[in-house]
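# Reading the structure
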Amino acid sequence: MAFWGDYHTHTTYSHGKGSVADNARAAAARGLKQIAITDHGLKHAIFSIKRRQLPKLRRDCAAATAETGVLVLAGIENNFNSFRGTLDLKQCDIDMLDIIQGGFHKAVFADSFAQQFSFQLKNWLTRKPKAKLIAANTDAYLKLIDNYELDFIGHLNRDITADAVEVARYAKSKGTYIEINCKHLSLSDAELEKMTADGVEFICNSDAHSPERVGDLKNALDVIERLHIPYAQIANWDKLPNFRSGNYARAVDRARTNVGEDGADV
């Protein structure tokens, strides 16, 4: 019994320390079947992957898949950047991806000047948000889930405060996973226990910034065991996730058509 995939890893396309191929080789060494490359989104002020780099990212992922036998998915750690529930990418960018995630980050350019202050900076700077802001953030997360075929929400409530349990319940109804992030454990035990009781499904990811951390999901496993989260609710434990987006389904289908007669897993 083991994790079969790690869907949140960084490379030198943002501020990771290894290449796409390095991450794929590390994943193969740990026995993973799939990984995603999810460097920081297009409007991150410091560590963003560039739009012009997306075609090369796709080529690198294809080459790493061919080399290692691990299905390497092209993704972005997209920035959730407004009360409108928007991400910092266009439809043409979404079409380039194999997996879609979203999460809040500091140092991100919002989709308008007004949102930069009312959403981005206010959430970053407010340490004890009032009920009105929490409700607005919760509504924004729900809009985000409606606006995009989100495969998972990354580190829910990191540097932002919403009703995480309400967000997770709505995500469950739409087929979007909630991440248990091994680097940023942003959800409280109480929140995770309520989500578990509601049947929310989780995806465990390393958020690796170096190849040696790819597939290192011990912190997530510790949380699962300590809180007695059923393994059936862990989307990448001893199985591959049933991700929501058509992007992921197309990537898996494409990989299957490229598999040789040995029928290797993808």
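Residues numbered from 1 in each chain as written. Predicted model: local features only at pLDDT ≥ 70, side-chain atom pairs only at ≥ 80, totals over all residues. Heavy atoms only, no water.

## A short note on the overall build of the protein
In terms of helices and strands, the protein carries nine helices and seven strands. Each principal axis of the C-alpha atoms in the protein carries an extent, and together these give about 60 × 45 × 30 Å. Relative to its 266 residues, the protein shows a buried fraction of 53%. Total accessible area on the protein is roughly 11,600 Å²; 52% of this is exposed by carbon and sulfur atoms. When the 34 basic and 34 acidic side-chain charges of the protein are each reduced to a single mean position, those positions are 7 Å apart. (Helix = DSSP H or I, 4+ residues; strand = E, 2+ residues; numbered from the N terminus. Buried < 20%, exposed > 50% of the residue type's maximum accessible area, 1.4 Å probe, protein only. Areas by Shrake-Rupley, 256 points an atom, 1.4 Å probe, with all protein chains shown as cover. Lys, Arg positive; Asp, Glu negative; His and termini not counted. Charge placed at Lys NZ, Arg CZ, Asp CG, Glu CD.)

## Overview of the nonpolar core
In this structure, Ile178 and Met195 are the most contacted members of the largest nonpolar core, which totals 63 residues. Broken down by element, the residue count for this core peaks at six residues, all from helix α5 (residues 131–147). Setting aside residues no more than four positions away along its own chain, methionine 195 makes contact with Leu156, Ala164, Val165, Ala168, Ile178, Leu187, Val200, Phe202 and Gln233. Counting residues in hydrophobic clusters, the runner-up holds 14 residues, among them Tyr7, Phe152, Tyr177 and Val252. (Core = buried A, V, L, I, M, F, W, Y, C linked by side-chain atoms within 4.5 Å. Contact = heavy atoms within 4.5 Å.)

## A few points about the packing of aromatic side chains
Scanning the entire structure with this criterion turns up 11 aromatic pairs. Judged by centre distance (4.8 Å) and plane angle (45 degrees), the ring pair of phenylalanine 80 and tyrosine 141 falls under tilted. A residue pair is termed long-range when its members are at least 10 positions apart, and phenylalanine 80 in the loop between β3 (71–79) and α3 (91–94) and tyrosine 141 in helix α5 qualify at 61 residues. Taking relative accessible area as the criterion, phenylalanine 80 reaches 0% and is therefore assigned buried. Ring plane angle 80 degrees and centroid distance 4.9 Å describe the contact between phenylalanine 243 and tyrosine 248, whose orientation is recorded as edge-to-face. (Phe/Tyr/Trp six-rings, centres within 6.5 Å; stacked < 30°, edge-to-face > 60°.)

## Examining the pattern of salt bridges
The full count for this structure, using the stated rule, is 15 salt bridges. A salt bridge links aspartate 22 to arginine 25, with the nearest nitrogen and oxygen atoms 3.2 Å apart. Of this pair, aspartate 22 and arginine 25 both sit in helix α1 (residues 20–29), three residues apart, which is roughly one turn of that helix. The class for aspartate 22 is partly exposed, based on a relative accessible area of 30%. Between aspartate 93 and arginine 51 there is a salt bridge, with the nearest N and O atoms lying 2.8 Å from each other. Taken as a pair, aspartate 93 in helix α3 and arginine 51 in the loop between β2 (34–40) and α2 (54–68) lie far apart in primary sequence, 42 residues in all. Residue aspartate 93 is classed as buried on the basis of its relative accessible area of 1%. One network of salt bridges, with partners in common, ties together Asp22, Arg25 and Glu67. (Salt bridge = Lys/Arg side-chain N within 4 Å of Asp/Glu carboxyl O.)

## What about the pairing of strand β6 (residues 177–181)?
The element β6 is extensively covered by neighbouring structure, given that five of its five residues are classed as buried. Of the strand pairs in this sheet, strand β5 (residues 152–153) and β6 are connected by two bridges, and their pairing is parallel. Across the sheet, phenylalanine 152 pairs through a bridge with tyrosine 177, a residue of β6. At this point the chain moves from β5, through helix α6 (residues 164–174), to the parallel β6, and the crossover so formed is right-handed. Note: β6 against strand β7 (residues 202–205), four bridges, orientation parallel. What sits directly across from asparagine 181, in β7, is asparagine 205. (Pairing = 2+ DSSP bridges. Right-handed = clockwise from strand over helix to strand, strands pointing away.)

## Let's talk about the sheet that holds β3
Taken in spatial order, the seven strands line up as β1-β2-β3-β4-β5-β6-β7 in an open sheet, and their pairing is parallel. Of all the strands in the sheet, the pair left with one neighbour each is β1 (5–9) and β7.

## Regarding α5
End to end, α5 covers 24 Å across 17 residues, agreeing with the expected 24 Å (1.5 Å per residue, within 8%). Among all positions in α5, only Leu133, Asn137, Thr138, Ala140, Tyr141, Leu142, Leu144 and Ile145 are buried. On its buried face, α5 sits against α4 (113–125), β5 and α6. (Expected span 1.5 Å × (residues − 1).)

## A word on α4
Each turn of an α-helix holds 3.6 residues, which means side chains three or four residues apart point in the same direction. For α4, with 13 residues, the first-to-last C-alpha span of 17 Å sits near the 18 Å given by 1.5 Å per residue. Of all the positions in α4, only Gln115, Gln116, Phe119, Gln120 and Asn123 are classed as buried. For α4, the angular spread of the buried residues around the axis is 125 degrees, confining them to a single face. Away from its buried face by more than 90 degrees, α4 exposes Phe113, Ala114 and Leu125. The secondary structure elements touched by the buried residues of α4 are α5. (Arc of directions from axis to C-beta.)

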